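So the chains spell out like this:
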Amino acid sequence: ADILMFKAQTIPVGRDQIQHVEMARDIAQRFNHLYGEHFQLPTAQIDDDLAILQGLDGRKMSKSYNNTIPLFLPEKQLKKYINKIVTNTLEPGEPKDADSSTVFQIWRAFATPVQSDEMRWRFTTGIGWGEAKKELFELLNGQLQEPRERYNELLENPGRIEHILIEGAERARAQSSEFMTELRTAVGIRVLK
């Protein structure tokens, strides 16, 4: 509904979400076939440069695997989660493969290209796992400090969240009501007076 109702054409998704766009497309095609051209046919846009992040245990990061790093944790807990990232037994001073490292993958997702290149070099020169995790924590914590504060402010004010949701619903309703009338008319549903 959120794709079709607002006539979205290109939907940026991860590889594991393509099927949702395909289902919306199938529904739109069937409706258009039966009732005339009303819906846009959406297409999925996948950024091949974005990798699937590994989770704490080295598998694909997923809530169902319980291997994620909740980003809005307090500093102490964030540090504990980062320290749980599974690494290999290579000692400090031994070169490490950045491309197979969960620590480096997460680093690269948050760092600038220059920071990523520097950390990659440090992996080849043998940065210790403890040092790499410490620097990852500092990078994440620095970038998440402001969003974490905003998140906590919103949690402390549920009335504000409710207000934002109501405003958003009103805007969505205003934007979609004319289209809903068009769709109802197309299928023969009329308002009873």
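Analysis parameters
Residues numbered from 1 in each chain as written. Predicted model: local features only at pLDDT ≥ 70, side-chain atom pairs only at ≥ 80, totals over all residues. Heavy atoms only, no water. Axes fitted to C-alpha atoms, helices over the stretch in contact; angles between N-to-C directions. Helix = DSSP H or I, 4+ residues; strand = E, 2+ residues; numbered from the N terminus. Parallel < 35°, antiparallel > 145°, perpendicular 65-115°, else oblique. Left-handed = near helix turned anticlockwise from the far one by under 90°. Contact = heavy atoms within 4.5 Å. Nonpolar A, V, L, I, M, F, W, Y, C, P; charged D, E, K, R; others polar. Expected span 1.5 Å × (residues − 1). Buried < 20%, exposed > 50% of the residue type's maximum accessible area, 1.4 Å probe, protein only. Arc of directions from axis to C-beta. Phe/Tyr/Trp six-rings, centres within 6.5 Å; stacked < 30°, edge-to-face > 60°. Salt bridge = Lys/Arg side-chain N within 4 Å of Asp/Glu carboxyl O.

Caption draft 1: Highlighting the packing of helix α3 (residues 102-110) against helix α4 (residues 113-124). Packing of α3 against α4 leaves a shortest axis separation of 9 Å and a crossing angle of 165°. The angle between α3 and α4 places the two elements in the roughly antiparallel class. The crossing of α3 and α4 is right-handed. Counted together, V103, F104, W107 and R108 of α3 and Q115, S116, M119, R120 and F123 of α4 form the full contact between these two elements. When its residues are assigned to classes, the contact of α3 with α4 shows five nonpolar, two polar and two charged.

Caption draft 2: Here's a closer look at the side chain of Q54. Mapped onto the elements, Q54 comes out in the loop between β2 (43-45) and α2 (75-83). Other than its neighbours up to four places away in sequence, Q54 contacts R59, K60, M61, S100, S101, T102, Q105 and I106.

Caption draft 3: Broad picture of α4. When the terminal C-alpha atoms of α4 are compared, their 17 Å separation across twelve residues agrees well with the 16 Å that a helix rising 1.5 Å per residue should span. Listing the buried residues of α4 in full gives S116, M119 and F123. Down the axis of α4, the smallest arc covering the buried residues is 65°, so these residues share one side. Exposed side of α4, more than 90 degrees from the buried face: V114, D117 and W121 are the residues found there. Once α4 ends, the next one or two residues include G126, with phi positive near 95°.

Caption draft 4: Geometry of the packing of aromatic side chains. For the coordinates displayed, the defined rule picks out six aromatic pairs. With a centroid separation of 5.0 Å and an interplanar angle of 70°, the aromatic rings of F31 and F39 are classed as edge-to-face. For F39, a relative accessible area of 13% gives the class buried. On the basis of an interplanar angle of 15° and a centroid distance of 4.5 Å, the ring pair of F72 and Y151 is categorised as stacked.

Caption draft 5: Summary view of the pattern of salt bridges. Throughout the structure, instances matching the rule amount to five salt bridges. When the shortest N-O distance is used, the salt bridge between D99 and R120 registers 3.0 Å. Of this pair, D99 sits in the loop between α2 and α3 while R120 sits in helix α4, and the two are 21 residues apart along the sequence. Classification of D99 as partly exposed rests on a relative accessible area of 46%. A residue is classified by how much of its surface remains accessible, and R120, at 29% relative accessible area, is partly exposed. A salt bridge links E138 to K134, with the shortest nitrogen-to-oxygen separation between them at 3.7 Å. Residue E138 and its partner K134 are both found in helix α5 (residues 129-155); the two are separated by four residues, about one turn of the helix. For E138, a relative accessible area of 44% translates into the label partly exposed.

Geometry only, nothing functional implied.
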